[in-house]
Amino acid sequence: MVSLTGSDSPASDPASFGGPDPVPHASGSETPFPRRRDLRNSDKDYSPDDPATNPAAKTGQDVPQVAEKDYVKAGRNLPAAIGIGLLIGGVVLASLVFFPISFLFIILVAIVAAMWELANALSRSGSLVSRIPTMVSAACMVLATFVGGREALWVTFAASAGAVMLFTMVERRKNAVKDVSLSLFALTYVGLMACFVVYLLTQPDGNLYVILFLASVVASDTGGYVFGVLWGKHPIAPRISPKKSWEGYFGSVVFAAAVATILALTLFDAPFWTGLVFGVVIPAFATLSDFSESMIKRDLELKDMGTLLPGHGGVMDRLDSILPTAPVALVMFSVLPGYL
């Protein structure tokens, strides 16, 4: 399930966080250069009067500039974000409604992709995350949870941790402690958290629990994005995520409470106030999860974890508010009346 929250744009130079390099300007020129040939692999400097570097010099006419789309206010390519979000959301919802077991395949694909992105990102710190062992271990944990429940999950998680340490020992790495720590962090952050969603799926009417949970998170992200873009003026933590505002958080609570209340009454016939509880708790933990990933990306000088989803970033950028919130949702389903 994907959300419509935008990726956190760093407050400093975008080039240092994975953005495009700034276009160089000629000395004394106050306007950007026209389109020119790619000189990155040559030693020839750009000259506005040289036909070899400036096509406009051949005709004496200016080469028309291609206007770049301005996504400053929206923070993303909004049409692409909406299209990809609706497509993936529709596929996820259809799988949960018509063939719930197929959702397990969606989880496996998403978790393997997210683990790959996170392992690549964490490796920028100078340590080496064990990509293949963590990806295989995460997939095994998901399957074990679906087949054997909680007991199988913890056994598989312990075996996976041992496998990661053994793999690191066999490779005789110099920074073994850091490598193992980051690998286990990735395995916990992605693999273990995803297993709580799988565990919900295995319960009676588990597909309905997953729908309520995912819909609440998506509503929280959507409300935060809409209110933040329209009225956001007071950042919550500007040093970590300058675009997340208190106005956006209020929108997260409003949207999540509305959606959770409607689904609680229609899907479970639970007391309406349980939906309000979801509307308060889910946005709080989803926002904390967003801040956690934003902090990681800033430390690694990344804008997005990946580029697989146009308008959204990577798979991990869309799971950042879902994964750590899953165990919180399981606790609420266990203690609130009308559910587990």
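Residues numbered from 1 in each chain as written. Predicted model: local features only at pLDDT ≥ 70, side-chain atom pairs only at ≥ 80, totals over all residues. Heavy atoms only, no water.

What follows deals with helix α10 (residues 326-335). Because the α-helix completes a turn every 3.6 residues, residues three or four places apart line up on one side. Within α10, seven of the 10 residues are buried, which leaves the element mostly enclosed by the surrounding structure. Ala326, Pro327, Val328, Ala329, Leu330, Met332 and Phe333 are the residues of α10 that are buried. The elements touched by buried residues of α10 are α5 (176-202), α6 (206-231) and α8 (272-299). (Buried < 20%, exposed > 50% of the residue type's maximum accessible area, 1.4 Å probe, protein only. Helix = DSSP H or I, 4+ residues; strand = E, 2+ residues; numbered from the N terminus. Contact = heavy atoms within 4.5 Å.)

Within the largest apolar cluster, 69 residues are counted, with the highest numbers of intra-cluster contacts made by Phe103, Phe213, Phe333 and Tyr339. The leading source of residues in this core is α5, at 15 residues. When residues no more than four places from it in sequence are discounted, the contact partners of Phe213 are Val197, Ile282, Ile322, Thr325, Ala326, Ala329 and Phe333. (Core = buried A, V, L, I, M, F, W, Y, C linked by side-chain atoms within 4.5 Å.)

Confidence in the prediction for the chain averages 80 pLDDT; 77% of positions are at 70 or higher. In this model residues 1-48 is a low-confidence stretch, pLDDT under 50, and it forms 97 contacts with partners more than four residues away in sequence or in other chains. (pLDDT = per-residue confidence, 0-100.)

Let us look at a nonpolar patch on the surface. Judged by side-chain polarity, Leu93, Val97, Phe98, Phe99 and Ile101 come together as a nonpolar surface patch covering roughly 540 Å² of accessible area. As for its placement among the helices and strands, Phe99 is situated in the loop between α2 (78-98) and α3 (102-122). The exposure class of Phe99 is exposed, given its relative accessible area of 52%. (Patch = residues over 30% accessible without salt bridge, like charges linked within 9 Å, V, L, I, M, F, W, Y side chains within 5 Å. Areas by Shrake-Rupley, 256 points an atom, 1.4 Å probe, with all protein chains shown as cover. Salt bridge = Lys/Arg side-chain N within 4 Å of Asp/Glu carboxyl O.)

Attention shifts here to the environment of Met316. Considering the arrangement of structural elements, one finds Met316 in helix α9 (residues 315-319). Here Met316 falls in the buried class, since its relative accessible area comes to 0%. Sequence separation between Met316 and Gly306 is 10 residues, and the spatial gap between their C-alpha atoms is 7.4 Å.

With that out of the way, let us pick up unusual backbone geometry. A positive phi angle, close to 55 degrees, is found at Asp269, a residue other than glycine. Examined against the element boundaries, Asp269 turns out to sit in the loop between α7 (246-268) and α8. Positive phi values are uncommon outside glycine, yet Glu301 reaches one of about 60 degrees. Within the fold, Glu301 resides in the loop between α8 and α9.

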